[in-house]
Amino acid sequence: MHEEIQIETDYITLGQFIKLLNILDSGGMVKAYLQDVGAVVNGELEHRRGRKLYPNDVVEIEEFGSYIVKKEA
């Protein structure tokens, strides 16, 4: 099951999303993590911090879990 993460905007970048989760301490750590490990977005490996995530996108982050983007109503 995916943990739902609410956003207020139409989209959020992958880097901002990971910072929002508070699983890494800083933006620099997010950048390094994505370059080295990456995240799986909708089944595809992604290394770009600027990748736009939209509502209902699924993000899987190794060792941390699986998340689904939801827009606040």
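Scroll up to find the structure.
This write-up is about the structure you can find in this document. None of the values given here were measured: they were computed from a predicted structure.

Formed by 18 residues in total, the largest nonpolar core has its most connected members in L14, F17, I18, L53, V59 and I61. Listing elements by their share of this core, those giving two or more residues are β1 (3-7), α1 (14-21), α2 (27-36), β3 (39-41), β6 (58-61) and β7 (65-71). Among the elements that make up this core, the one with the highest residue count is α1 (4 residues). Apart from residues no more than four positions distant in its own chain, L14 is found in contact with L34, A39, V41, E46, R48, R49, R51, L53 and V59.

Among the secondary structure elements, T13 is positioned in strand β2 (residues 12-13). Here T13 falls in the buried class, since its relative accessible area comes to 19%. Non-local contacts of T13, meaning those with residues more than four positions away in its chain, are made with R49, G50, R51, K52 and L53.

Thresholds applied
The written sequence of each chain sets the order in which its residues are numbered from 1. Reporting in this predicted model follows two pLDDT cut-offs: at least 70 for local features of residues, and 80 or more for side-chain atom pairs to be given and counted; totals over whole chains, interfaces and linings ignore these cut-offs and use all residues. In computing side-chain properties, one takes all heavy atoms of the structure into account and sets aside hydrogens as well as water. Only buried residues count toward a nonpolar core, which is a set of Ala, Val, Leu, Ile, Met, Phe, Trp, Tyr and Cys residues joined through side-chain atoms within 4.5 Å. Exposure categories follow from relative accessible area, calculated using a 1.4 Å probe and restricted to protein chains: below 20% of the type maximum is buried, above 50% is exposed, and the middle band is partly exposed. Every helix listed is a DSSP run of H or I at least four residues long, and every strand listed is a run of E at least two residues long, numbered separately from the N terminus. Contacts between residues were defined by any pair of non-hydrogen atoms, one from each residue, lying within 4.5 Å.

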